[in-house]
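So the chains spell out like this:
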Amino acid sequence: MMAELNQEQTKNNDVKEKKEKDKKEKKEKKEKKHKKEDGTKEKKEKKDKDGKHKDKKEKKEKKHKDKEHKKDKKEKKEKKEKKEKKDTEVGDKPVAKRRLHVVKHLQAKKKRQEKNSEQKVLLKTEDDYEPVNRWWEREDGAESGKRGAKKWDTFEHHGLLFAPDYEPINVPLVYDGQEVYLPPEAEEIAYYWTSVKGTPYEVKDIFIKNFWKTFKEYLPKNSPIKDFKKCDFTKLSNHREAERQKRLNRSKEEKEAEKAKTAKETEWYSHAIVNGVREKLGNFRLEPPQLFRGRGEHPKQGLLKKRTFPESVTLNIAETACVPKVCGMPGHAWRDIVHENTVQWIATFEDGLLQDSKYVSFAATSGLKGQPDMLKYDRAKRLVSKIDQIRDSYRSLMKSKKPADRQKATATYFIDKLALRVGGEKDTEEEADTVGCCSLRVEHLKLTEPLTIHLDFLGKDSIRYTNSVEVTKEVFDNVQGFISGKAPTAQVFDKIAPADLNEYFKQFMDDLSAKVFRTYNASFTLQAELNRFEVKNRSSFSQDQLYQFYNDANRQVAILCNHQKAESKGHAQSMEKMRNAQKEMERNYKALKRHVQALQQGKPIQDASAKLPKDAKAAEKKMHEVKARLLRHRTAIETKEANKTVSLGTSKVNYMDPRITVAWCKKVDLAIEKVFPKTIRTKFPWAMHFPSSYVFE
DNA sequence: AGTTTAACTTAGAATTGAGATA
DNA sequence: TATCTCAATTCTAAGTTAAACT
C-alpha cells in the first residue's frame, strides 16, 4: 500500500516535472522568437539605433540630474514662491506634462497669469484644465479601439515604479516562549504574515499551510522553529500596527508634505503620450511582494508572490522614444524592449507566483480603454435586434437529434435567460474550483417537477450563485437527459465548450460572443426598469426619490448578474442603530401629531416641557417636516438592508450602457452627478452628450 | 481540429479620503 | 476636533476570447 502510494507520488512528480519542463521550453522558444525578430530585420539598423538611444538616454539622464539639482535649490526657497513658480515654470515639469500642454500654451498662460496677478483676479481658462482626448468626435470614431488595430504612431512613457525593498525591523518572533530573531529574509515573510491579521486568510487552512511551507524555506537550517502552533507573531504585528498608527498620527503638515512628495514621484510615471496625447495609466507600480491572496479555496493562497525585478519586465514603446531608465534598481536592466503598436499595454511582467504574465496598461479614462469600451456597448445594442432570431434558433435546436446541439441550445438558454458566464475549463491543481455555464456539474443542479431548476454553484471569485428558475419543458427535459446516469462531479454540458458556443453565435453577428449576452442583459434590464417610470408623475418626485428609483433599477441588474459584496462588519450594529433612531422619530412624530390636534381643538397642551411650537400653523409645519424626515429615514433603512450584500458598482462600471443612464437623467431632470460619480463620468465622456431620446433597443 | 496562450475585461477586497456627526 | 461612516480609489485576482500553435 505504502509502496504503491509512493509510486503514485513519484509518478505525479514526474508528470509535474515534465509539465514544468515543457513550460520552460516554451518560454525559451518565445524568447528566441523575440530575438529572431529583432535580429534579422533590425540588425543593420541596430548599431546606429543603439547609438541614438544611448545619446538620448544620456541626455535624458542629464536632464534628470539637472532637475534634481534644481529641486534641491528650490526647496530652500520660500514656500509661496515655490508654489507660484511651480505653476508657471515650464522647464520644471516632467517631459510628459510639458509635451502635452504645449510650450506655447504655457507661455500664453504665464502671460495671462502675470496680468491677472496684477489685478489680483484668478481667471481660469480652458488651458487650466487637462485637455480631453475627444476621440469619439473623430471621423474614424473608435476604429482604433478594435482588437488588433493599430493604436499608435508615436508612443512614449517613463517606465515603472518598483516596489521598495523590505526594511528589516529586527523584531523577534516568540517561539515556544523564547524570543527568536530571524534573518532578514525570514523576517520579511513573517512580516507579510502579520498583514493578513484580522482577515479571513488568518484562519484558513490552505493559507496557513502554504505560508508555513514558504516560511520554513526561508528559515535557517538550524532554526529552532518547527511548529506553526508554537509561533507567536504578536511582536511583529504590534510593530506593524505601531507603524500604522505612526502614519495615522502624522501632523497635517507632514501628511501634506508627504502627499506632495508622492504626487511628484507619481507625476513622473502616471501618464504616457500616445500620438501626442497625454493619457493616464492604470497601474505603474509593480506589485509588491506579499503572500498570495487567492479567492475562495485557491490552492496557492498563502504562498509567496515574489518581488518583480526589471529582468522580468518587458516594455512596449515606440522605436523613436527614449527607453525609460530602470530607476532605483542599480545593476538591473529591462528584460526586453518591444515596439508593438497593435496592443494596449506599456509593459508586461511575470507574476511572482503564478505562471501567467501581467500587463501594465491605461486607466479607464483613457481613449485606449474608452474606445473598445464604447464598441462593447454598441455590440450589446446590436444584439437587441438579433435576439429574436437567436431565440428562435436555439428553441428549434432544443429538439435536435444531435446531443451536442441540444447542449448548445440549452447552454445558450442559460446564458441568455440567467446571464451566466460561459465557464471555461479550469485547472483544479492550480486554481480554485469555480464554474460557469459550460463547466456546470451535475452536483450544481437540482430539478423539481414540473419545470423548476435549482442552481447552486461557485462562480467567478468563488461567489456563490443560487437561483431557482422555472424553465420551458424542452429545457427541463434536456437538462434531465444530460444529467441522468452521470456522477455528481460529471459535467452537465459534456459535449460542448465555450468555443463551440462562440462559434455558434458568430452566425448571427460576427462579433457576438457569450459575454455580450451579459452586457446586453444588464443594459436591457436597466432600460426596462427605467421605462417603468411614468414621466407624467415626475413632479411628485424629489431628486432623492429619483435617485432611489434609479438605484432600484440598478439593483435589479446587479441581482441578475449576481454582483455581490461581503456584508460590512458593522452592518448589523448600524442597522440596529438606525432602527432605534426610527422608533425615536416615530415617537416624536406621534407626540407632535397629538400636540397639533390639541392646538387645533384649543385643548390644553399636555406636555409643556417639550419644546414644541405654541402656534398651530408652525406646529403643523414642523409635523410635516418630521414626517418627511421619517419617511426618508425609512427608505434609507430599506435601501441599506437591500444593498447589504449587493454590489451596484460593478454593473455601473462594466455592464450597463451609460447612455441609458444619461438619457434617463435628462428625461426626468435628475442631476447626473447623483448617479454617476466623478470616476464614472470621466470613464464615459463619450456618453455624456447623448439626448434624452436615446434608448437601448 | 484540438490545445494553449496573449491580451484583454470584469471582479470584490482593501485602502484611502472626504464629509458627516458627536 | 476627533471620530465615525461611507464613498471613491486602488489593487490585483480571475474571468473571456481570438489567435497562435501544435
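Residues numbered from 1 in each chain as written. Chains lettered and ligands numbered in written order. Predicted model: local features only at pLDDT ≥ 70, side-chain atom pairs only at ≥ 80, totals over all residues. Heavy atoms only, no water.

**Some remarks on empty space enclosed by the protein**
Alright, step 1. Tallying each qualifying case throughout the model produces three cavities of 30 Å³ or more.
Alright, step 2. By volume, the second largest cavity is sized at about 50 Å³.
Alright, step 3. Along the walls of the second largest cavity sit Gln 527, Asn 531, Ile 660, Ala 663, Trp 664, Lys 667, Ser 692, Tyr 694 and Val 695, which together make up its complete lining.
Alright, step 4. When the residues that make up the lining of the second largest cavity are grouped by side-chain class, the tally is five nonpolar, three polar and one charged. (1 Å grid on protein atoms, 1.4 Å probe; cavity = no way out; pocket = protein on both sides within 12 Å on 5 of 7 lines; lining within 4 Å. Points joined across faces, edges and corners; volume = space filled by probe spheres on them. Nonpolar A, V, L, I, M, F, W, Y, C, P; charged D, E, K, R; others polar.)

**Observations concerning the UniProt feature "coiled-coil region" (unreviewed entry) in chain A**
Alright, step 1. Taking the UniProt record as the reference, the feature "coiled-coil region" (unreviewed entry) is found at residues 575-602.
Alright, step 2. Helix and strand shares over residues 575-602 are 93% and 0% respectively, and the end C-alpha atoms of the span are 40 Å apart. (UniProt positions renumbered as here; feature names shortened; annotations may be inferred. Helix = DSSP H or I, 4+ residues; strand = E, 2+ residues; numbered from the N terminus.)

**Quick look at the pattern of salt bridges**
Alright, step 1. A complete count under the given rule lists 37 salt bridges for this structure.
Alright, step 2. The shortest N-O distance in the salt bridge between Lys 486 and Asp 494 comes to 3.4 Å.
Alright, step 3. By relative accessible area, which is 40% here, Asp 494 ends up partly exposed.
Alright, step 4. Between Asp 494 and Lys 495 there is a salt bridge; the shortest N-O distance is 3.5 Å.
Alright, step 5. Here Lys 495 falls in the partly exposed class, since its relative accessible area comes to 49%.
Alright, step 6. Each of Glu 287, Lys 305, Asp 351 and Lys 358 takes part in salt bridges that share partners, so that together they form one network. (Salt bridge = Lys/Arg side-chain N within 4 Å of Asp/Glu carboxyl O. Buried < 20%, exposed > 50% of the residue type's maximum accessible area, 1.4 Å probe, protein only.)

**Points about a positive patch on the surface**
Alright, step 1. A surface patch of positive charge is lined by Lys 590, Lys 593, Arg 594 and Lys 627.
Alright, step 2. Broken down by element, the residue count for the positive patch peaks at three residues, all from helix H16 (residues 571-600).
Alright, step 3. Mapping Arg 594 onto the fold places it in helix H16. (Patch = residues over 30% accessible without salt bridge, like charges linked within 9 Å, V, L, I, M, F, W, Y side chains within 5 Å. Areas by Shrake-Rupley, 256 points an atom, 1.4 Å probe, with all protein chains shown as cover. Lys, Arg positive; Asp, Glu negative; His and termini not counted. Charge placed at Lys NZ, Arg CZ, Asp CG, Glu CD.)

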